[in-house]
Amino acid sequence: MAEKLASEEVNYEPICPHCERKIDEVHWRSMKAFHAEYMFMCPHCRKVLGIGVRKSALIN
């Protein structure tokens, strides 16, 4: 069985893994890809931070 990871609430601002600038907002756009709904991007360098997937797509 997998070991549970510790978690902690923090109060610092995240930085973009690409341009290393502070992220105080995230831009998104709708997608029509298979099982994906949204693409999240850094507002400074416009590189992709992640893809949003519908939970129902993972169940089916």
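All of these numbers come straight from a predicted model, not from anything done at the bench. Counting starts from 1 at the beginning of each chain's written sequence and moves along it residue by residue. Where totals are concerned, whole chains, interfaces and linings use all residues; where local detail is concerned, this predicted model gives features only for residues with pLDDT of at least 70, and gives and counts side-chain atom pairs only at 80 or more. With hydrogens and water stripped out, all remaining heavy atoms of the structure feed into the side-chain values.

A short note on the pairing of strand β2 (residues 36–41)
- Relative to β2, strand β1 (residues 27–30) runs antiparallel, the two being bridged by four bridges. Each residue of the ladder has a partner; that of S30, found in β2, is Y38.
- Both β2 and strand β3 (residues 48–53) contribute to a ladder of five bridges, which runs antiparallel. Within the sheet, the bridge partner assigned to M41 lies in β3 and is V48.
- The antiparallel pairing of β2 with β3 creates a hairpin that spans six residues between the two strands, and R46 there sits at a positive phi of about 65°. Note: two strands are recorded as paired if DSSP finds a minimum of 2 bridges between them. Secondary structure counts use DSSP, requiring at least four H or I residues in a row for a helix and at least two E residues in a row for a strand, with both numbered from the N terminus.

What to know about the confidence of the model for the chain
- Of the residues in the chain, 85% have a pLDDT of 70 or more, and the chain-wide mean is 86.
- A score between 0 and 100, pLDDT records how confident the predictor is in each residue. When pLDDT is averaged over each helix and strand of the chain, the minimum, 56, is found for helix α1 (residues 55–59) and the maximum, 92, for β1.

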